[in-house]
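Residue strings, one per chain:
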Amino acid sequence: MNPVILIGGAVVLVSILLLVVGLSGRPAGQELVEKRLGDTEKETKKKEKKGKRESVVGAAVDRAVAGRSFAQNLSTQLARANLKWTVGEFIVMTVIFAVGAGALFFVLKRIVLVPVGILGGFFLPRIYLSTRKNKRLKEFNDQLGDALNLMVNSLRAGYSTMQAMEVISNEMPTPISEEFGRVVLELQLGVPFDTAMANLMRRMPSGDMDLVITAMSVQREVGGNLAEVLDAISFTIRERVRIKGEIKVLTAQGRITGYVITALPLGLAGIIYMIQPDFMGELFTDPCGWVMIGVSLVLIVLGYFVINKIVNIEV
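None of these values were measured; they are calculated from a predicted model.

Calculation criteria
- Here, residues in each chain are numbered from 1, in the same order as that chain's written sequence.
- Note on the predicted model: pLDDT of at least 70 is required for a residue's local features to be given, and 80 or more for side-chain atom pairs to be given and counted; whole-chain, interface and lining totals, by contrast, use all residues.
- Note that water and hydrogens are dropped before the side-chain values are worked out from all heavy atoms of the structure.
- What pLDDT reports is the predictor's confidence in each residue, on a scale of 0 through 100.
- Helix and strand assignments come from DSSP, with helices taken as H or I runs of at least 4 residues and strands as E runs of at least 2, each series counted from the N terminus.
- Only heavy atoms matter for contacts: two residues are in contact if any of them lie within 4.5 Å across the pair.
- To estimate the expected span of a helix, subtract one from its residue number and multiply by 1.5 Å.
- Each residue is assigned a bend, namely the angle between axes fitted to the seven residues that terminate at it and the seven residues that start at it.
- As used in this record, nonpolar core signifies buried Ala, Val, Leu, Ile, Met, Phe, Trp, Tyr and Cys residues forming a set joined through side-chain atoms within 4.5 Å.
- Burial here depends on accessible area, computed with a 1.4 Å probe over protein chains only, as a share of the maximum for the residue type. Under 20% is buried, over 50% is exposed, and the range in between is partly exposed.
- Candidates for patches are residues over 30% relative accessible area with no salt bridge; among them, like charges are joined within 9 Å and nonpolar side chains (Val, Leu, Ile, Met, Phe, Trp, Tyr) within 5 Å.
- The protein chains shown are the only cover counted for residues, whose accessible areas, like all others here, come from Shrake-Rupley with a 1.4 Å probe.
- Basic side-chain nitrogens of Lys or Arg form a salt bridge, by our definition, when they fall within 4 Å of a carboxyl oxygen of Asp or Glu.

### Section: the confidence of the model for the protein
Segments scoring low in pLDDT should not have their predicted coordinates read at a detailed level.
Right, on to step 1. Scored by pLDDT, the protein comes out at a mean of 77, with 79% of its residues at no less than 70.
Right, on to step 2. The least confident element of the protein is helix H3 (residues 41-49), whose mean pLDDT is 45; the most confident is helix H9 (residues 176-188), at 89.
Right, on to step 3. Contacts of residues 20-30 to residues separated by more than four positions or lying in other chains number 22 contacts, the stretch itself having pLDDT below 50.
Right, on to step 4. Confidence drops under pLDDT 50 across residues 39-53; counting only partners more than four residues distant or on other chains, this segment forms 16 contacts.

In structure tokens, the structure reads:
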């Protein structure tokens, strides 16, 4: 059998095994948030001693990157995306994707595309993480107005602030129900109100939620009618969501144009290379071709950001 195929198959097999080992025994739920945000470290250690399995590779990487600033930032990003992975598991998965994508092009005898596959596999998990985080934050902001309206009605019915938040966790859809459920759970475990709200802001960095938290903190200190304040904030948030929806519809053509213009040259170049590799191979072997590729990529990225800046209207 061809040794190239044997080597490629071995690399892919090792990558799959590392993926299975790296993602086994993942922590979940409130335990995951406590571990990432570092608020109840002792409690988390007790839970780990009760039999929670950890991935060997992920735990080793976690120990290696413990205390690093990039690891803390990545841990916060994972919590915001609500992914049930540790930092070590995410790093292991990134390496597996990079090695697997490079090995795939190697097996297909597209040696020139091996670096492209490695870079693509390296950034693919981060792109997924960023997309999931942004989508979850957008859903949270869209649901916040209705959640505040429900909270106002609960307060006017005689509920306390924590009981009103518990109603949100029971009646509203995800992700806002999950986040308020975690806040209620932290308050029931004795976490101070300001700390629980700070944890919520770390998981959901929303400007509207920051305004709500400020109003609730001021009301706790100086008193006042919290229902009326939240009612006014809820109306403002709902109007902002409505205006953003209208703007999104009006700028849809511009955004789609940016996506098409960005993807068209890359897709066309890939198709031509797969059909006629000798024709496109000159770009990768001749210094003039390297300059052309570099200039093209810079212009494509610049055009994408310019179009995105034009259609991104702040409200």
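### Looking at unusual backbone geometry
Right, on to step 1. In the segment running from Thr 174 into Pro 175, the intervening peptide bond is cis, with an omega of 5 degrees.
Right, on to step 2. On the secondary structure map, Pro 175 appears in the loop between helix H8 (161-171) and H9.
Right, on to step 3. Of note in this structure, Asn 82 is not a glycine but carries a positive phi near 60 degrees.

### Topic: helix H7 (residues 114-156)
Right, on to step 1. For H7, which comprises 43 residues, the first-to-last C-alpha distance of 63 Å matches the rise-based estimate of 63 Å (1.5 Å per residue) to within 8%.
Right, on to step 2. At Leu 144, H7 shows its strongest bend, of approximately 40 degrees.
Right, on to step 3. Gly 158 sits one or two residues past H7 and shows a positive phi near 105 degrees.

### Remarks on the nonpolar core
Right, on to step 1. Counting residues in each nonpolar core, the largest one holds 32 residues, and the members touching the most others are Met 151, Met 165, Met 197, Met 209, Met 216 and Leu 230.
Right, on to step 2. Counting residues per element, the ones that place at least two in this core are H7, H8, H9, helix H10 (193-203), helix H11 (207-222) and helix H12 (226-250).
Right, on to step 3. Ranked by size, the runner-up nonpolar core spans 10 residues in total, among them Leu 78, Ala 81, Met 93 and Leu 129.

### Regarding a nonpolar patch on the surface
Right, on to step 1. A cluster of nonpolar side chains, namely Val 291, Val 295, Leu 299, Leu 302, Val 306 and Ile 310, defines an oily patch on the protein surface of about 570 Å² accessible area.
Right, on to step 2. As for its position among the elements, Val 295 is in helix H15 (residues 287-311).
Right, on to step 3. Judged by its relative accessible area of 43%, Val 295 is partly exposed.

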